Amino acid sequence: MLATGCMALDDSTEGRDADTGPIADVDAGTVPGQDAAPPQPSAPAPLPLDDSANYTDSGEARGDGGRDLSACYDTPYDPDADCSDPRCGALASCCPGRAACCGDYAPGPRLSAEQLEGCVDLESCLGASTLFGAPSPFVVGPTLALGGDTHYDSGVLFQEVYDLRHERVRIAARFELPVDCDGCFESAAFGVTTQATLGAFDHVDALAALVLSGARSEVRLVVAGVVVARWDASEGPWALELAPTGALTVARADEILLEGARFAPAARAHVVLYGHSRNPGATDSQGARIASLETGAARCDMPSAWSAPTTLRFERGPEIWQAFDPRDPALALDAEGVPTLVFADEGALFAAKAPDPGRRDRFVPRAPGGFDDTPLLAGDHPFTSPSLTRRAGDAGFWLHALRHEEGGPRPVRVAIDEDALAPAGDVETLRLTPTPRTPLVGLAVTWVGPVGRWVLVATDVAGRATAYASHDGLGFERWSDLPTEGLHVDAVGVPRLTVERATYRVRVDTRRGTRWQVALFVSDDLLHWRLIDDESVTGVDSTERVGARAVASVRDGDRELIVYEALDGVLTRLRTRSRPLQ
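Residues numbered from 1 in each chain as written. Predicted model: local features only at pLDDT ≥ 70, side-chain atom pairs only at ≥ 80, totals over all residues. Heavy atoms only, no water.

### Description of the overall build of the protein chain
Working step 1: Looking only at helices and strands, the protein chain features 3 helices and 38 strands.
Working step 2: Looking at the protein chain as a whole, 57% of its 582 residues qualify as buried.
Working step 3: When the accessible surface of the protein chain is summed, it comes to about 23200 Å², and 48% of that surface belongs to carbon and sulfur atoms. (Helix = DSSP H or I, 4+ residues; strand = E, 2+ residues; numbered from the N terminus. Buried < 20%, exposed > 50% of the residue type's maximum accessible area, 1.4 Å probe, protein only. Areas by Shrake-Rupley, 256 points an atom, 1.4 Å probe, with all protein chains shown as cover.)

### Things to note about the side chain of T510
Working step 1: With respect to the secondary-structure elements, T510 resides in strand 33 (residues 503-512).
Working step 2: We classify T510 as buried; its relative accessible area is 2%.
Working step 3: Residues within four places of T510 in sequence aside, it is in contact with L487, V489, A491, R515, W516, Q517 and A519. (Contact = heavy atoms within 4.5 Å.)

### Details of the packing of aromatic side chains
Working step 1: Taken as a whole, this structure holds 6 aromatic pairs when the rule is applied.
Working step 2: Between F343 and F350 the ring centres are 6.1 Å apart and the planes differ by 25°, which places this aromatic pair in the stacked class.
Working step 3: Taking relative accessible area as the criterion, F350 reaches 7% and is therefore assigned buried.
Working step 4: When the centroid spacing of 5.6 Å and the interplanar angle of 65° are considered together, the rings of W447 and W454 count as edge-to-face.
Working step 5: Ring pairs connect the aromatic residues F314, F343 and F350, which therefore count as one cluster.
Working step 6: Residue placement shows R549 over the ring face of W516; its charged tip is 5.0 Å from the ring centre. (Phe/Tyr/Trp six-rings, centres within 6.5 Å; stacked < 30°, edge-to-face > 60°. Lys NZ or Arg CZ within 6 Å of the ring centre and 35° of its normal.)

### Looking at the state of the cysteines
Working step 1: All chains considered together, the criterion is met by 5 disulfides.
Working step 2: Here C102 pairs with C300 through a disulfide, and the sulfurs are 1.9 Å apart. An S-S torsion of about 95° defines the bridge between C102 and C300 as right-handed. Remark: C300 occurs in the loop between strand 15 (289-299) and strand 16 (310-311) and C102 occurs in the loop between helix 1 (79-83) and strand 1 (106-111); sequence separation between them is 198 residues. Residue C102 shares its accessibility class with C300, and that shared class is buried. (Disulfide = S-S within 2.5 Å.)

### Examining the sheet that holds strand 22 (residues 362-365)
Working step 1: Strand order in the open sheet formed by 6 strands is 18-17-22-21-20-19, and the pairing between neighbours is mixed. Pairing within the sheet leaves two strands with one partner each, and these edge strands are strand 18 (319-321) and strand 19 (326-333). On average, each strand axis in the sheet is tilted by 40° relative to the strand beside it, whichever way the strands run.
Working step 2: Of the strand pairs in this sheet, strand 17 (residues 313-316) and strand 18 are connected by 3 bridges, and their pairing is antiparallel. Along strand 18, the bridge assignment pairs F314 with W321. (Pairing = 2+ DSSP bridges. Axes fitted to C-alpha atoms, helices over the stretch in contact; angles between N-to-C directions.)

### Let's talk about the pattern of salt bridges
Opposite charge on two side chains permits them to pair, given that their charged atoms come into close proximity.
Working step 1: Tallied over the full model, the rule gives 34 salt bridges.
Working step 2: With its nearest N and O atoms 3.9 Å apart, the salt bridge here joins E255 to R252.
Working step 3: A relative accessible area of 44% means that E255 is categorised as partly exposed.
Working step 4: The partly exposed category is assigned to R252, whose relative accessible area is 22%.
Working step 5: A salt bridge links E560 to R579, with the shortest nitrogen-to-oxygen separation between them at 2.7 Å. (Salt bridge = Lys/Arg side-chain N within 4 Å of Asp/Glu carboxyl O.)

### Re unusual backbone geometry
Working step 1: Cis geometry marks the peptide bond from G236 to P237, where omega comes out at 15°.
Working step 2: In this fold, P237 is placed in the loop between strand 10 (226-232) and strand 11 (238-242).
Working step 3: Note that the residue after T433, namely P434, is joined by a cis bond; omega there is -5°.
Working step 4: For S217, which is not glycine, the phi dihedral falls at a positive 50°.
Working step 5: Note on placement: S217 falls in the loop between strand 8 (206-213) and strand 9 (218-223).
Working step 6: A positive phi angle, near 65°, is found at A502, a position not held by glycine.
Working step 7: Note on placement: A502 falls in the loop between strand 32 (491-500) and strand 33.
Working step 8: With a relative accessible area of 15%, A502 lands in the buried category.

### A closer look at the side chain of T572
Working step 1: Relative to the helices and strands, T572 resides in strand 38 (residues 572-580).
Working step 2: Under the relative-accessibility criterion, T572 is labelled buried at 13%.
Working step 3: Apart from the residues within four sequence positions on either side, T572 is in contact with D325, P326, R327, E565, A566 and L567.

### A short note on the sheet that holds strand 28 (residues 440-448)
Pairing between the strands of a sheet comes from backbone hydrogen bonds, and it takes one of two forms, parallel or antiparallel.
Working step 1: The 5 strands lie next to each other as 27-31-30-29-28, forming an open sheet whose pairing is mixed. At either margin of the open sheet sits one strand with a lone partner, and together these are strand 27 (431-433) and strand 28. Here the strands of the sheet are splayed against their neighbours by 30° on average, with no regard to which way each runs.
Working step 2: In the sheet, strand 28 pairs with strand 29 (residues 453-460) via 8 bridges, with the strands oriented antiparallel. Its bridge partner lying in strand 29, G442 is registered against T459.

### Digging into the pairing of strand 9
In summary, the side chains of a regular strand alternate between the two faces of the sheet.
Working step 1: Burial analysis of strand 9 places 6 of its 6 residues in the buried class, the great majority of the element.
Working step 2: Every second residue of strand 9 is oriented toward a common face, with E218, R220 and V222 on one face and V219, L221 and V223 on the other, all of them buried.
Working step 3: Summarising the sheet, strand 8 and strand 9 pair through 6 bridges and their orientation is antiparallel. Pairing of A208 across the sheet is with V223, part of strand 9.

Right, dumping it as structure tokens:
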């Protein structure tokens, strides 16, 4: 979807790469001087964060291999439909929510002939693992033999934990087939389980596993206790790959045997080897064994893979402040990397910081005279929808917000100091061109260094979400519209804007009936948008039974930290969750 408009800005401003949220894997770069901005075209041009995309000003393909980007957004509400096209799959916007471009595989538990040959103490040979079953597994030459009996499983449970909601896990193993197995009870298997402990009298409840059956002379895929597919037995190697989208792939040697099977991604899963035998022993004829194992996991960009929520606490020493009606959180990191929070309460804006890296749910209010008597910003007109952005150097923050005046909500900005204790200048009104036709509901603003622009996203009471760009941070020109009309919702709320991994990302609050949730849109160039997930953040417990909204985010080490409104139908609370980043 291509939006048209006018662009006639020729000045620039001071700014930096921090924003209302995380996650800028691109350097903000140097901000151009007041007189350095080039003349602008009469219509919005692509503003790609990745120069290698080889765009033209119109977004169409060039003769030297440039991409016709508009063709990669034909179906903005079905990313797979466009991103499966090889011409589009390399776009950065095709990564979020898909397992097509995860990070590099990090090695996990393994088993090899070198480890097992001559091994006396199996637990010490295998590393962080637990043996289970009676008899327990044992070593025969360079292979692992399973114990167990006709009732219970025996095997090895590895202690490393995988979050299958955002990690792509690959497990490859080689079997040794049983000898003289007519009517035998031999089996060997590998896979993943959510069971954290297994003992002498347990069955393995595998989330997904490949099981070698000696009696049937087959290898079968078992998902949550159901046999999904069967193949003739062979040593392999066999491979099982689990994607965070819930897709399973089975391969033998270099041949893919099955794609598209489904499983339920779990937050805590372990690799497990297991099986059983009617009468195991080192002198018996060879049973089903495991000759080798290799595992690896890669992090994927899954925007809905959140940790359990925690309610924010506002504390200063032994004192605790209960905010009356906290809303519209905004986050940014200060010069020391401390998450700084601004939120609205009864029309005033308050600030707090989270100085404890181990407890990001505890914030210290910044009011110099107490907890709730000195707001950061207040006046005759209420403020809502704050947006926080780091200023150049260590000069503090830019605070953007809506000020509700007699003529309707107006976008404004004010500089605040590094400690978030007080304004450091006058409140200035922003100019949006063309002027929005209906009153604004919310806005989000950030400085985008790679393109040398301020970017603003605003939502209005008609349910529209519009992206604007500016050189000076005061005058903004309309750049594009987000395709919110296809969400089929009853209302659109505040937006939140971040820059992450060469993409613009906008979270937009949506309401169906009485329930709020958050949709995520992504763009490569600020012109074309695709919906990644219309439920990227939803309510998860009784405190959030009416939903979640107003998600502010920031990169906190190797995690994305969010603070948001949790709605239970009576109270509004500020809560926090996090997710790992690539």
